[in-house]
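Residue strings, one per chain:
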Amino acid sequence: MSSGNKIIDESKQGEALLIENSKAGSGKKLFLESYGCQMNFSDSEIVASILMDKGYTTTQNYEEADIIFVNTCAIRDNAEQKVRNRLNDFKRVKKKNKKLLVGVLGCMAERLKSQFLEQEKLVDIVVGPDSYRDLPSLIEEAEDGRKAINVILSKEETYADLTPVRLGSNEVTAFISITRGCDNMCSFCVVPFTRGRERSRDPESIVKEAKEAFESGYREVTLLGQNVDSYIWAGGGLKKEVLTEEQKLNSVNFAQLLELVANVNPELRVRFSTSHPKDLTDEVIHMIAKHENICKHIHLPVQSGNSRILEMMNRGYTREWYLERIASIKRIIPECGISMDIITGFCSGTEEEHKDTLSLMEAVKYDFGYMFMYSERPKTLAERKYKDDVPEETKRRRIQEIVDVQRLHSSIRTTDAVGKMHKVLIEGLSKKSNEMLMGRNSQNAVIVFPKGEYKKGEYVNVFVDDCTSSTLIGKVIGEGMKQDSMK
Ligand code: SAM
Ligand code: SF4
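Sequence order sets the numbering: in each chain, residues are counted from 1 along the sequence as written. To label them, take the chains in the order written and letter them from A, then take the ligands in the order written and number them from 1. At least 70 in pLDDT is required for a residue's local features to be given in this predicted model, at least 80 for side-chain atom pairs to be given and counted, and no such filter applies to totals for whole chains, interfaces and linings, which use all residues. Computation of side-chain values: all heavy atoms of the structure, hydrogens and water removed.

### Things to note about the site of ligand 1
For this description, a residue counts as near a given molecule or strand if any of its non-hydrogen atoms is within 4 Å of it. Around ligand 1, 15 residues are found, and the nearest of them are Gln226, Pro301, Gln303, Asp341 and Ser375. We call two N or O atoms a polar contact when they sit within 3.5 Å, provided that within protein one can donate a hydrogen and the other can accept it, with sequence-adjacent residues counted only if both atoms are side-chain atoms. Take Gln226: an N or O atom from its main chain is 2.8 Å from a nitrogen atom of ligand 1. Surface accessibility follows the Shrake-Rupley procedure with a 1.4 Å probe radius. Residue values consider only the protein chains on display as shielding. Burial of ligand 1 by the protein chains amounts to 91% of its free accessible area of 560 Å². Looking at the shell around ligand 1, the elements with two or more residues in it are β16 (337–344) and β17 (368–373). Only DSSP runs of H or I covering at least 4 residues are called helices, and only runs of E covering at least 2 are called strands; the numbering of each starts at the N terminus.

As structure tokens, then:
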């Protein structure tokens, strides 16, 4: 359930992606569909790059495909159900075309491993997130009639040397992975099990990718990681706990990486996701403030407003710590957009503790957020230690209360933005009208305005004079100058 702007774009869930391939040779057609978070969509671009290199072309019609890959999400039970339903659609085609191969990639593949091959008879290939380089040989195995699987997790793999093929892109905004995996072990979360240990990517390769994106016309990059603030590069592989003092001195941290990417070009916007409250430093916040082209928006998931629940969740911070981080953001960047994730109905959570989440929301007044009912995941710390004992109907009522509060806060934010100028990066036509363009301001709010002679990829200054509950509406007053986006 979400309110306001999207980081997970629901309209793209399950979208099959089409790309031109100059190396087309084998004539084989790939149907590639992705679910879940942005990281998965970014991984699909790596998968496409590997297979395009082998001469594959893509199709948006799975009935004509030689191979179907589904890049899956395991974060909540309903994400997995969606994939299982989708596999049923492919069963019918496979009956007609015996040569068709079906592969499952990503987090669900990693979680279920060979169990997948047993449970879903039509699946031929199972590949975890760190094994995509092995895809061509796994496909060969499957073509020889053997079931193919590689779910080995790596401590080093970052796919740093691969140039991703931009899939389903608006040709303006691109995603760049900066870390893989996660070491945080939040008790509710399956990610450490499906994506393995946290590792950071060589900053040189990140800057190179950002430069190439800019040179190909992109004007915004989003740096992706499960916890971007814990990014640290000291030559690869190593985790910060094992770095010597000397290695730490010569390392690149997240604030420094932000600056390196911001310096690629002042016309390239830099976004990042996701920040973690326990690791977000003032150094990072000052760096965001320092560069006009680092967007003034921080996605800072809180999960709960109650310290006892936060401790059970193993989040590594308290309510007070979180509110102090928010105070720092507001002090250093008063105009900063702030968004969140919240889980409601976590094990043993009382009514009073639920109210703490509502009161924290009142204190922060988020711009937008993603709100979820707790879904118990196999093998997680919470599944082993705690009972999933909040009744379903209580979870439903609580999430509704949370969503209602967020709706109100989002509409306050939207109304606040009316009557002001915003620097907007144009992303393309608005969804509702071919006569209107859409783009975002620095805070990530969507703004639509009449098309005129403007084109995607350009910056314009838009005066906002109207709004709906989640969209700002305005008129272009001039081309985007180097200035703060909200005045
Ligand atoms: N790494 C990010 C972080 O720590 O905030 C986000 C990772 S996760 C892909 C996105 C969100 O899914 C989390 O912030 C959390 O709110 C939600 N989530 C994760 N596990 C969940 C579970 N078992 N039940 C419900 N929501 C869950
Ligand atoms: Fe999951 Fe926590 Fe890691 Fe986010 S930080 S991916 S919620 S374990």
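### What about the packing of helix α13 (residues 351–364) against helix α15 (residues 392–417)?
Orientation is described by lines fitted to C-alpha atoms, with helices fitted over the stretch in contact, and by angles between N-to-C directions that extend from 0 to 180 degrees. In contact at an axis separation of 10 Å, α13 and α15 are set at 10° when each is read in the N-to-C sense. Here α15 runs roughly parallel to α13, going by the angle between their axes. Packed against α13, whose contacting residues are Glu351, His354, Thr357, Leu358, Met361, Glu362 and Val364, the element α15 presents Thr394, Arg397, Arg398, Glu401, Ile402, Val405, Gln406, His409 and Arg413 at the interface. For the contact of α13 with α15, a count of residues per class yields five nonpolar, five polar and six charged. Angular relationships are summarised with four words: roughly parallel below 35 degrees, roughly antiparallel beyond 145, roughly perpendicular across 65 to 115, and oblique for the angles in between. Working rule for contacts: check all heavy atoms of both residues, and any pair within 4.5 Å makes them a contact. Three categories are distinguished: nonpolar for Ala, Val, Leu, Ile, Met, Phe, Trp, Tyr, Cys and Pro, charged for Asp, Glu, Lys and Arg, and polar for the others, with Gly belonging to the last.

### A closer look at the packing of aromatic side chains
Here a Phe, Tyr or Trp ring, Trp counted by its six-membered ring, pairs with any other such ring whose centre lies within 6.5 Å, and the pair is stacked when the planes are under 30 degrees apart, edge-to-face when over 60, and tilted otherwise. If you walk through the whole model with that rule in mind, you get 10 aromatic pairs. Taken together, a centroid distance of 6.0 Å and an interplanar angle of 20° make the contact between Tyr132 and Tyr159 stacked. Of this pair, Tyr132 sits in the loop between β6 (125–127) and α5 (135–143) while Tyr159 sits in the loop between β7 (148–150) and β8 (173–177), and the two are 27 residues apart along the sequence. When the centroid spacing of 6.4 Å and the interplanar angle of 80° are considered together, the rings of Phe188 and Phe346 count as edge-to-face. Taken together, the residues span a long stretch of sequence, with Phe188 in the loop between β9 (179–180) and α6 (191–195) and Phe346 in the loop between β16 and α13 at a distance of 158 residues. A simple rule labels every residue: compare its accessible area, found with a 1.4 Å probe on the protein chains alone, to the largest value its type can have, and call it buried under 20%, exposed over 50%, or partly exposed in between. The buried category is assigned to Phe346, whose relative accessible area is 3%. Cation placement over rings: the criterion is NZ of Lys or CZ of Arg within 6 Å of the ring centroid and within 35° of the ring normal. If you follow Arg166 out to its NZ or CZ, it ends over the ring of Tyr218, 5.9 Å from the centre. We note Arg219 situated over the ring of Phe214; from NZ or CZ to the ring centre the distance is 4.0 Å.

### A word on the nonpolar core
Within the largest apolar cluster, 55 residues are counted, with the highest numbers of intra-cluster contacts made by Leu223, Phe254 and Leu258. Counting residues per element, this core draws most heavily on helix α9 (residues 254–262), which supplies six residues. Not counting residues up to four positions away in its chain, the partners in contact with Phe254 are Ile178, Leu223, Val228, Asp229, Tyr231, Phe272 and Val284. Counting 25 residues, the second-largest nonpolar core is a separate cluster that includes Phe69, Leu105, Ile125 and Tyr159. Each nonpolar core is a collection of buried residues, namely Ala, Val, Leu, Ile, Met, Phe, Trp, Tyr and Cys, held together in the definition by side-chain atoms within 4.5 Å.

### Things to note about the packing of α9 against helix α10 (residues 282–290)
With their axes 8 Å apart at the nearest point, α9 and α10 run at an angle of 15° to one another. In terms of orientation, α9 lies roughly parallel with respect to α10. Viewed along their axes, α9 and α10 form a crossing whose handedness is right-handed. In this structure, α9 contributes Phe254, Ala255, Leu258 and Glu259 to the contact, and α10 contributes Glu283, Val284, Met287, Ile288 and Lys290. Class assignment of the residues belonging to the contact of α9 with α10 gives a composition of six nonpolar, no polar and three charged. Helix crossings fall into two classes, left-handed where the near helix is turned counterclockwise from the far one by less than a right angle and right-handed where it is turned clockwise.

### Points about the side chain of Glu353
Position of Glu353 among the secondary structure elements: in helix α13. Here the side chain of Glu353 touches Arg308 through a polar contact of 2.6 Å, side chain to side chain. Look past the residues within four positions of Glu353 in its chain and what remains in contact with it is Asn306, Arg308, Ile309 and Ser348.

### Observations regarding the environment of Met421
Residue placement: Met421 occurs in strand β18 (residues 421–429). Judged by its relative accessible area of 24%, Met421 falls in the partly exposed class. Residues Met421 and Lys387, spaced 34 residues apart in sequence, show a C-alpha to C-alpha distance of 50 Å.

### Here's the deal with the confidence of the model for the protein
Residue-level confidence of the predictor, termed pLDDT, takes values from 0 up to 100. Summary statistics for the protein give a mean pLDDT of 92 and a share of 92% for residues scoring 70 or more. In the predicted structure, residues 481–487 sits below a pLDDT of 50 and forms 21 contacts with residues beyond four places in sequence or in another chain.

### Focus on the pattern of salt bridges
Only one rule defines a salt bridge in this text: a Lys or Arg side-chain nitrogen within 4 Å of an Asp or Glu carboxyl oxygen. Tallying each qualifying case throughout the model produces 42 salt bridges. Here Arg271 ties to Glu220 by a salt bridge, and the two come within 3.1 Å at their closest N and O atoms. Linking Arg271 in strand β14 (residues 269–273) with Glu220 in strand β11 (residues 220–224), this pair joins segments that are 51 residues apart in sequence. Residues joined in a network through salt bridges with shared partners are Asp43, Asp130, Arg180, Arg195 and Arg199.

### Some words on the pairing of β8
Here β8 lies mainly inside the structure; four of its five residues are buried. Strand direction decides the pairing type here: β8 and β11, joined by five bridges, are parallel. In the strand pairing of β11, Ser177 is matched with Leu224. Think of it this way: DSSP has to see at least two bridges between two strands before they count as a pair.

### Regarding the site of ligand 2
Surrounding ligand 2, one finds Cys182, Asn184, Met185, Cys186, Phe188, Cys189, Val191, Pro192, Gln226, His276 and Arg315. A class-by-class count of the residues in the shell around ligand 2 yields seven nonpolar, three polar and one charged.

### Brief notes about the sheet that holds β11
Ordered in space as β8-β11-β14, the three strands form an open sheet in which the pairing is parallel. In the strand order of this sheet, the two ends are held by β8 and β14, each with one partner. Sheet twist, expressed as the mean angle between neighbouring strand axes with direction ignored, is 25°. Bridging between β11 and β14 involves five bridges; their strand directions are parallel. Among the inter-strand pairings, Glu220 is bridged to a residue of β14, identified as Arg269. Packed on one face of the sheet, helix α1 (residues 38–53) meets β8 and β11 and runs near 90° to β8.

### Focus on the sheet that holds strand β5 (residues 101–106)
The sheet built from six strands is open, its strands ordered β3-β2-β4-β5-β6-β7 with parallel pairing. The two strands at the open ends of the sheet, each matched to only one other strand, are β3 (57–58) and β7. Taken together, the three bridges between β6 and β7 define a ladder with parallel strand orientation. Paired with Val127 across the bridge in β7 is Asn150.

### Quick notes on the side chain of Asp124
As for its placement among the helices and strands, Asp124 is situated in the loop between α4 (114–119) and β6. Excluding residues within four positions of it along the chain, Asp124 makes contact with Lys94, Leu100, Leu101, Val102, Leu117, Ala142, Arg146, Lys147 and Ala148.

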